[in-house]
Amino acid sequence: MKLRAACLSVAAALLLAACASLPSGDWGNPPGDPFPAWAERTDAPFHPQEEYQCGPAALATALGSAGIRRAPEDLVNEVYIPARQGSLQPEMLAAARRSGAVAYPLAPEPLALLKELAAGHPVVVLQNLLLDWMPQWHYAVVVGYDLRSRELVLRSGREQRLVMDIDAFDRSWAKSGRWAFVALPPDRLPATAAEAEYVSAVMALERVAPAAAEGAYRTALGTWPHNLVARMGLGNVAYGRGDSEAAEAAFRRAVADHPESGDAWNNLAQILHERGQAQAARQAAERAVATGGPRLPTYRRTLESIAGR
Amino acid sequence: MKKNSARLAPIALLALAVGFHTPALHAELVTTPDVASHESADADRAKVQRFLEQATVKERLQAMGVDGIAAADRVAALDQQEIHALAQRIDSMPAGGNITTMEWILIVLIAILVVVAL
């Protein structure tokens, strides 16, 4: 075992020099938008990983920090791939969604990671602990940073509180293209959330966990009240659970904010039709058809079904 | 003509299957992903392609040791872009895990070579 470790370090040290990677990132505190010099989620749960299973362990830590308790053993069935002895990035995001969290991929830069940590959001990262041409991919959760000592704090493998030098971490992280995501409860917006990206993350949640998505659409609309996709999503989820009153309210708001959206008029028409408001339904369907666009055939069918009765 | 219809039959079946797989809002509500996308006339073709990609990903997961029911659930939790990415390059995508036996052997071999060379 000792010999192995010695061989590994010799090989790694000698070959690291020859290995090309992304340029090192900027870990400075931006002058215009400063955040605390240090932050740490000391309460982020720790799950020592079993063999090959850093994916489930990292996920359980991130979800637990978001108030969603999942055991790594249960997550194995959702992310682990036996033949690869590991987990793939898209499935990590998907499993977070299956647990009812919004999985939000971060911009691949140190600033995004630090901002989320400053907001108390642990970040799941993909690292390559070896070399570009002989990778050892590893998921860990960054739970804190200290810019004064240039260190990061991670839940990683069997280490409950791994303190890593920022530059060493950045080298391992850069090799994955600085891939990272946060898994947050529906009522919590990521610190670095961008409008289109956040709404798109919620949309991916809608099919898997509609109740959670409904909350997250509300969160999005709290910050971006005029977002059409989020407003329509809210209406669609309400409709899906049989609440036609809430659905009608959402679609009414959608056409008020976006009278140019045929989709909004179409869905409003359908809801009004089902709620027995024939006249208003017909007018809405006609607005949709008049708007046209790629889904005109759908609008026509809606109008026909309303006018036909 | 006959040849054509023979070719079209599986596509028709596929289209039928796609129809069943579409998460149905019962009526003709425009779904949220459709609101977000600006895809147009080719929507049906895109649906067929999505269906094929889903099948591909499920098959690959099963081939890599994930059992059938779990594989289906896992594919269902992926969004369109993720399914597309997996269908394209599931084998070359990094799998975060631990170091594998094969990698250990390689590392030790290289280390020995390096030591010998010195």
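Enquirer: If you had to explain the sheet that holds strand β1 (residues 95-97) of chain B to someone new, which residues and values would you point to?
Expert: Reading across from one edge, β2(A)-β3(A)-β1(B) is the order of the three strands in this open sheet, with antiparallel pairing throughout. Since the sheet does not close on itself, it has two edges, and those belong to β2 (80-81) of chain A together with β1 of chain B, each with one partner. Examined bridge by bridge, β2 of chain A and strand β3 (residues 86-88) of chain A share two bridges and lie antiparallel to one another. In the strand pairing of β3 of chain A, I81 of chain A is matched with G86 of chain A. Against the sheet, helix α4 (residues 89-98) of chain A makes contact with β2 and β3 of chain A, and its axis sits at roughly 80° relative to β3 of chain A, the strand it touches most.

Enquirer: Could you give me a rundown of empty space enclosed by the protein, with the residues and numbers involved?
Expert: Residues and elements named next belong to chain A. Going through the model one piece at a time under the given rule, you end up with one cavity of 30 Å³ or more. Of the pockets and cavities examined, the largest cavity occupies roughly 60 Å³. Among the secondary structure elements, those contributing two or more residues to the lining of the largest cavity are α2 (54-65), β6 (137-146) and β7 (151-156). For the lining of the largest cavity, the element with the highest residue contribution is α2, accounting for four residues.

Enquirer: Talk me through the packing of α2 of chain A against helix α3 (residues 72-79) of chain A; I want residue IDs and the actual numbers.
Expert: Residue and element names in this part refer to chain A. Closest axis-to-axis distance for the α2/α3 pair is 8 Å, and the angle between their directions is 120°. Once α2 is placed against α3, the crossing between them reads as right-handed. Mapping the contact onto sequence places P56, A57, L59, A60 and L63 in α2 and P72, L75, V76 and V79 in α3. Partitioning the contact of α2 with α3 into residue classes produces nine nonpolar, no polar and no charged.

Enquirer: Give a detailed account of the confidence of the model for chain B, specifying residues and quantitative values.
Expert: Residue and element names in this part refer to chain B. Residues with a pLDDT of 70 or more make up 66% of chain B, whose mean pLDDT is 76. For chain B, per-element mean pLDDT is lowest for helix α1 (residues 2-21), which scores 48, and highest for helix α4 (residues 68-76), which scores 94. Residue range residues 1-7 is modelled with pLDDT below 50. Its contacts to residues more than four positions away, or to other chains, number zero contacts.

Enquirer: Any chance you could break down the pairing of strand β5 (residues 123-128) of chain A for me, citing the residues and the numbers?
Expert: Residues and elements named next belong to chain A. Among the six residues in β5, six count as buried, and that is most of the element. Covered by surrounding structure in β5 are V123, V125 and Q127 together with V124, L126 and N128, the residues of both alternating faces. Note that β5 and β6 share six bridges and pair antiparallel. Directly across from L126, in β6, lies its bridge partner Y139. In terms of strand pairing, β5 meets strand β9 (residues 180-184) through two bridges, oriented antiparallel. What sits directly across from V124, in β9, is F181.

Enquirer: Kindly report on the interface of chain B and chain A, identifying the contributing residues and their values.
Expert: Across the contact, 48 residues belong to chain B and 63 residues belong to chain A. For the pair chain B and chain A, the summed buried area comes to about 4,800 Å², and 64% of that belongs to carbon and sulfur atoms. Considering only the surface of chain B that becomes buried against chain A, E28, T32 and R74 of chain B emerge as the three largest contributors, covering 14% of it. Run the count over chain B and chain A and you get three salt bridges. Of the charged contacts in the structure, one is a salt bridge between R97 of chain A and E82 of chain B, with a shortest N-O distance of 2.5 Å. Counting across the chain B and chain A interface gives 22 residue pairs in polar contact (both at pLDDT 80 or more). Among the secondary structure elements, those contributing two or more residues to the side of chain B that touches chain A are α2 (32-36), α4, α5 (80-89), β1 and α6 (101-117) of chain B.

Enquirer: Account for the pairing of strand β8 (residues 159-165) of chain A, naming residues and giving values.
Expert: All names here are of chain A. As paired strands, β7 and β8 are joined by five bridges and run antiparallel to one another. Directly across from V153, in β8, lies its bridge partner V163. Between β7 and the antiparallel strand that follows it, β8, lie two residues; G157 among them carries a positive phi value of about 55°.

Rules behind the numbers
- Residues numbered from 1 in each chain as written.
- Chains lettered and ligands numbered in written order.
- Predicted model: local features only at pLDDT ≥ 70, side-chain atom pairs only at ≥ 80, totals over all residues.
- Heavy atoms only, no water.
- Pairing = 2+ DSSP bridges.
- Helix = DSSP H or I, 4+ residues; strand = E, 2+ residues; numbered from the N terminus.
- Contact = heavy atoms within 4.5 Å.
- Axes fitted to C-alpha atoms, helices over the stretch in contact; angles between N-to-C directions.
- 1 Å grid on protein atoms, 1.4 Å probe; cavity = no way out; pocket = protein on both sides within 12 Å on 5 of 7 lines; lining within 4 Å.
- Points joined across faces, edges and corners; volume = space filled by probe spheres on them.
- Left-handed = near helix turned anticlockwise from the far one by under 90°.
- Nonpolar A, V, L, I, M, F, W, Y, C, P; charged D, E, K, R; others polar.
- pLDDT = per-residue confidence, 0-100.
- Buried < 20%, exposed > 50% of the residue type's maximum accessible area, 1.4 Å probe, protein only.
- Buried area = accessible area lost by both parts, 1.4 Å probe.
- Salt bridge = Lys/Arg side-chain N within 4 Å of Asp/Glu carboxyl O.
- Polar contact = N/O pair within 3.5 Å; in protein donor to acceptor, adjacent residues only side chain to side chain.

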